[in-house]
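# Coordinate inspection notes
Each chain, written out:
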Amino acid sequence: MQAYILRRVAQGILAIFVICTVTFALARVSGDPLNVLLPEEASEEQIALIKAEWGLDKPIHMQYLQYLGKLFRGDLGEAIAWPNSTATELIVQRLPNTVKLSALALIVSGVIAFPVGVLVAIKKDTPFDYVGKLFAILGQSAPTFAVGLILMWIFAVQLNFFPTSGSGGVEYIILPALALGYYNVAALMRLTRSSMLEVLDTEYVKLARIKGVPEWKVVWKHCFRNALIVPLTYFGLIGAVLITGSVVIETVFAWPGLGHLVIKAILFRDYVVVQAVVLLFATAFVIINIMVDVLYAYIDPRIRYT
Amino acid sequence: MTAVQTATDTILEVSNLKTYIFTRAATVKAVDGISFNLKKGETLGIVGESGCGKTMTALSLLRLVPRPAGRIVEGEIVLNGEDILQKSEDEMRDVRGRQISMILQDPQTSLNPVFTIGNQLREALGIAHKENKSSMLSRAVDALRKVNVAAPERRLDDYPHQMSGGMKQRVVGAIAMSCEPGVIIADEPTTALDVTIQLQYLRLLKEIQAETGLAIIFITHDFGVVARMCDRVAVMYAGRIIEQGEVRDIFSRPAHPYTQALINSVPKLEQSVDRLYSIDGQPPLLSNLPEGCRFAPRCPYASDQCYEEYPSSYQLADGHHADCWALDADWQGTPIEEFVPPTGTAG
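Residues numbered from 1 in each chain as written. Chains lettered and ligands numbered in written order. Predicted model: local features only at pLDDT ≥ 70, side-chain atom pairs only at ≥ 80, totals over all residues. Heavy atoms only, no water.

## Digging into the overall build of chain A
What chain A contains, in helices and strands, is 14 helices and zero strands. Judged by the C-alpha coordinates and their principal axes, chain A covers about 85 × 55 × 30 Å. The buried share of chain A, taken over its 306 residues, is 44%. Looking at chain A alone, contacts between residues at least 24 apart form 74% of all its contacts between residues at least 6 apart. Total accessible area on chain A stands at roughly 15700 Å², and carbon and sulfur atoms take up 69% of it. Side-chain charges of chain A comprise 24 positive and 21 negative groups, with the mean position of each set lying 15 Å from the other. (Helix = DSSP H or I, 4+ residues; strand = E, 2+ residues; numbered from the N terminus. Buried < 20%, exposed > 50% of the residue type's maximum accessible area, 1.4 Å probe, protein only. Contact = heavy atoms within 4.5 Å. Areas by Shrake-Rupley, 256 points an atom, 1.4 Å probe, with all protein chains shown as cover. Lys, Arg positive; Asp, Glu negative; His and termini not counted. Charge placed at Lys NZ, Arg CZ, Asp CG, Glu CD.)

## Regarding the pattern of salt bridges
Residues and elements named next belong to chain B. Applying the stated criterion across every chain, the model contains 24 salt bridges over all chains. Here Lys 18 ties to Glu 74 by a salt bridge, and the two come within 3.7 Å at their closest N and O atoms. A residue pair is termed long-range when its members are at least 10 positions apart, and Lys 18 in strand 1 (residues 10–22) and Glu 74 in strand 4 (residues 70–79) qualify at 56 residues. Residue class for Lys 18 comes out buried when judged on its relative accessible area of 19%. Taking relative accessible area as the criterion, Glu 74 reaches 38% and is therefore assigned partly exposed. For Arg 63, the salt bridge identified is with Glu 89, shortest N-O distance 3.9 Å. Taken together, the residues span a long stretch of sequence, with Arg 63 in the loop between helix 1 (54–61) and strand 4 and Glu 89 in helix 2 (residues 89–95) at a distance of 26 residues. (Salt bridge = Lys/Arg side-chain N within 4 Å of Asp/Glu carboxyl O.)

## Section: the interface of chain A and chain B
Taken together, the contacts link 22 residues of chain A with 27 residues of chain B. Buried surface at the junction of chain A and chain B, summed over both partners, amounts to about 2300 Å²; 64% is from carbon and sulfur atoms. A per-residue breakdown of the area chain A buries against chain B is headed by A:Leu207, A:Ile210 and A:Lys211, which together make up 30% of the total. Inspection of the chain A/chain B interface yields three salt bridges. Taken together, chain A and chain B are joined by nine residue pairs in polar contact (both at pLDDT 80 or more). Its residues placed into classes, the side of chain A that touches chain B shows eight nonpolar, three polar and 11 charged. (Buried area = accessible area lost by both parts, 1.4 Å probe. Polar contact = N/O pair within 3.5 Å; in protein donor to acceptor, adjacent residues only side chain to side chain. Nonpolar A, V, L, I, M, F, W, Y, C, P; charged D, E, K, R; others polar.)

## Digging into the domain arrangement of chain A
Often the size quoted for an interface is simply the accessible area lost on bringing the parts together. Residue and element names in this part refer to chain A. What the domain assignment reports for chain A is domain 1 (2–72) and domain 2 (87–304). Across the contact, 19 residues belong to domain 1 and 16 residues belong to domain 2. Together, the buried faces of domain 1 and domain 2 total about 1500 Å²; carbon and sulfur atoms form 75% of this surface. Summed over the shared surface of domain 1 and domain 2, the result is one salt bridge. Connecting domain 1 to domain 2 are two residue pairs in polar contact (both at pLDDT 80 or more). Sorting the residues of the side of domain 1 that touches domain 2 by element identifies helix 1 (2–29), helix 2 (33–37) and helix 4 (60–72) as the ones contributing at least two each. If you tally residues by element for the side of domain 1 that touches domain 2, the top one is helix 1, at 13 residues. Of the residues in the side of domain 1 that touches domain 2, the class split is 15 nonpolar, two polar and two charged. (Domains from an automatic or database assignment.)

## Comments concerning the packing of aromatic side chains
Within this structure, the stated rule accounts for 12 aromatic pairs over all chains. The rings of A:Phe24, A:Tyr64 and A:Tyr67 are connected pair by pair, giving a single aromatic cluster. Here A:Lys221 stacks its cationic end above the ring of B:Phe115, 4.9 Å away from the centre of that ring. It is B:Arg240 that lies over the ring of B:Tyr310; its NZ or CZ is 4.1 Å from the centre. (Phe/Tyr/Trp six-rings, centres within 6.5 Å; stacked < 30°, edge-to-face > 60°. Lys NZ or Arg CZ within 6 Å of the ring centre and 35° of its normal.)

## A closer look at the nonpolar core
Ranked by size, the top nonpolar core spans 101 residues in total, and within it B:Leu12, B:Phe36, B:Leu61, B:Leu121, B:Ile185, B:Ile217 and B:Phe218 carry the most contacts. Not counting chain neighbours up to four residues away, the residues in contact with B:Phe36 comprise B:Leu12, B:Glu13, B:Val14, B:Leu44, B:Ile46, B:Thr57, B:Leu61, B:Ile217, B:Ile241 and B:Gln244. Counting residues in each nonpolar core, the second largest holds 46 residues, with A:Leu175, A:Leu232, A:Leu242 and A:Phe253 among its members. (Core = buried A, V, L, I, M, F, W, Y, C linked by side-chain atoms within 4.5 Å.)

## Re a negative patch on the surface
Side chains of A:Glu53, A:Asp75, A:Glu78 and A:Glu89 sit close together on the surface and give a patch of like negative charge. Looking at the element boundaries, A:Glu89 is found in helix 5 (residues 87–122). (Patch = residues over 30% accessible without salt bridge, like charges linked within 9 Å, V, L, I, M, F, W, Y side chains within 5 Å.)

## Observations regarding the sheet that holds strand 10 (residues 240–246) of chain B
Residues and elements named next belong to chain B. Read from one edge to the other, the open sheet built from eight strands follows the order 6-7-8-3-9-10-12-11, with strand pairing classed as mixed. Each having just a single partner strand, strand 6 (100–103) and strand 11 (313–317) make up the two edges of the open sheet. Each strand of the sheet is rotated relative to its neighbour by a mean of 20 degrees, with strand direction disregarded. Across the face of the sheet, helix 6 (residues 165–176) comes into contact with strand 6 and strand 7 (183–187) while running at roughly 175 degrees to strand 6. Lying over the sheet, helix 7 (residues 195–212) contacts strand 3 (43–47), strand 6 and strand 8 (215–220), oriented at roughly 160 degrees with respect to strand 8. (Pairing = 2+ DSSP bridges. Axes fitted to C-alpha atoms, helices over the stretch in contact; angles between N-to-C directions.)

## Topic: the packing of helix 7 (residues 144–158) of chain A against helix 8 (residues 171–200) of chain A
Residues and elements named next belong to chain A. The N-to-C vectors of helix 7 and helix 8 enclose an angle of 140 degrees; their axes lie 9 Å apart at closest approach. For the element pair helix 7 / helix 8, the angle class is oblique. As for how helix 7 packs across helix 8, the hand of that crossing is right-handed. Packed against helix 7, whose contacting residues are Thr 144, Val 147, Gly 148, Leu 151, Met 152, Phe 155 and Ala 156, the element helix 8 presents Leu 175, Leu 178, Ala 179, Tyr 182 and Tyr 183 at the interface. Along the lines of polarity and charge, the residues of the contact of helix 7 with helix 8 split into 10 nonpolar, two polar and no charged. (Parallel < 35°, antiparallel > 145°, perpendicular 65-115°, else oblique. Left-handed = near helix turned anticlockwise from the far one by under 90°.)

## Observations regarding unusual backbone geometry
Glycine aside, a negative phi is what most residues show, and trans is what most peptide bonds show. Within the chain, A:Ala254 stands out as a residue other than glycine whose phi angle is a positive 50 degrees. Secondary-structure assignment places A:Ala254 in the loop between helix 11 (229–252) and helix 12 (258–267). At B:Asn16, a residue that is not glycine, the phi angle is positive and equals roughly 50 degrees. If you trace the backbone, B:Asn16 turns up in strand 1.

Take a look at the structure:
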């Protein structure tokens with residue numbers, strides 16, 4: 001088990017290194033940063049000055065090494081569009097908000113999706129199942145921003161239960177978390193349902209019934225743990241879904257998190273901040289995946305030994 | 001029907017059992033009116049091609065026909081004097097495991113991969129015995145020892161994937177027998193095992209049977225295994241038992257043309273042939289059964305009557321009877337010349 005975890009962590013570090021390189025390259029090919037830093041009528045001297053200030057006069061591989069060196073010391077660079085702040089400061093300000101939102105969204109989706117997925121599987125081809133399927137299809141096909149806007153319209157505008165947008169107390173986080181979580185509920189529930197159905201059909205479930213195990217125990221002991229393997233893998237992907245989803249949802253609900261920050265940074269062409277946030281998202285993605293893999297090995301003993 | 005037996009001797013009595021599977025397109029008559037008896041300590045073989053309803057018969061006996069599509073539509077299954085078809089689902093849980101149990105075909109898939117052997121065994125034992133942890137543990141060790149698992153104490157913490165197929169099938173056997181049921185259904189328990197392991201496993205079942213007086217229903221398509229294991233045999237074709245009787249009678253004087261053909265298609269060591277014998281044609285679809293005898297289209301002796309009306313059952317000897325129009329009262333023995341009973345492929 002330890003060797004397995006070490007191997008996964010080493011792979012993760014390699015992946016993060018590749019991500020650094022790719023984000024760096026993408027930031028360079030997406031346009032000359034000078035166009036953003038300087039007005040069009042800037043003189044040669046000004047250009048040279050700015051180039052020297054930002055280290056852009058050096059050859060690209062030197063810039064890359066410098067970027068890596070700074071990263072290694074934990075320095076993500078000076079923000080261009082936010083004077084007097086570093087990218088790190090900006091991220092540290094917004095990160096807690098995004099973590100709160102994503103965590104709540106994750107809890108919302110897990111708490112709803114797993115039990116409902118199991119229920120619709122054991123009630124296959126009954127009204128339960130049809131309603132569940134409809135709910136799932138809606139969640140998967142409706143874009144998160146649309147779900148967000150609909151929730152906002154119903155619960156904030158019409159019913160006045162929650163504020164429409166912004167940040168403050170608990171009431172501000174509920175609608176965005178529901179909107180963000182719903183997409184995952186749908187997908188997770190469908191996955192739980194289909195893998196439950198598969199597991200319910202296996203020989204070991206038949207044997208459990210043959211030996212006289214009560215049906216609730218057949219479902220929750222023999223099936224659930226086996227059926228969890230597939231949706232759990234998907235939990236890794238949820239990291240990505242939450243990140244991309246949070247970019248949209250944070251914008252819709254004006255929630256001051258990283259998604260909100262990165263959208264602003266893109267509008268202001270602040271490649272330093274964009275680069276930093278993308279790197280952070282990617283790193284989070286890698287870490288979530290490693291955690292899922294470890295959990296996966298814990299649940300399914302066959303993985304530990306291969 | 002077989003000869004009348006004393007009620008105390010008979011542990012299981014199945015009469016006119018019909019299990020149908022209802023699909024959107026058609027009704028599949030997987031089990032279509034079968035009757036048989038099983039005595040304590042007896043082994044009944046159920047033989048037939050794949051898809052003839054053997055496994056569905058087994059699942060019906062446990063009331064575990066896949067729902068909602070499958071349903072037992074008619075008949076009686078009297079186990080230990082009670083018709084289990086009248087029981088509620090709650091009552092059935094006391095029947096399964098304790099009165100009747102089953103060993104499944106494929107040991108590779110019949111154990112839950114995420115729990116240890118000990119966990120699954122203790123769970124089965126716990127259904128009949130509610131005791132403290134250490135006594136359950138020793139019960140589990142005993143159960144493994146009974147099925148000849150070496151070093152059972154150490155095996156309890158193993159996961160199924162750490163065991164060989166033969167070992168797993170022993171564990172499945174131990175689980176099936178953990179609550180000391182009177183009847184065990186063994187659904188082709190050795191087909192997925194190596195030939196050398198097969199024989200060991202069959203011997204083990206016989207030993208346990210001799211010790212405990214267990215009645216076994218042995219489902220197989222291997223006449224060699226039947227010869228080795230069974231006291232009586234029922235031959236199934238397209239959802240019905242077309243012939244049943246003592247193994248001796250069936251092998252020496254098979255009456256139904258299908259039984260004859262089946263026995264003939266077992267290759268014999270002492271005879272060299274250019275081509276192995278096989279029965280022409282396919283069994284009928286269980287969703288679209290012919291009016292008359294289901295074997296008629298493939299039968300060399302078929303007459304017009306065979307296509308029109310299902311044959312009545314002929315009693316040929318005590319407990320030996322077959323459904324075939326070609327049989328009549330003065331039938332004397334096998335029409336197949338130089339017939340040699342097979343000596344068994346598992347040995």
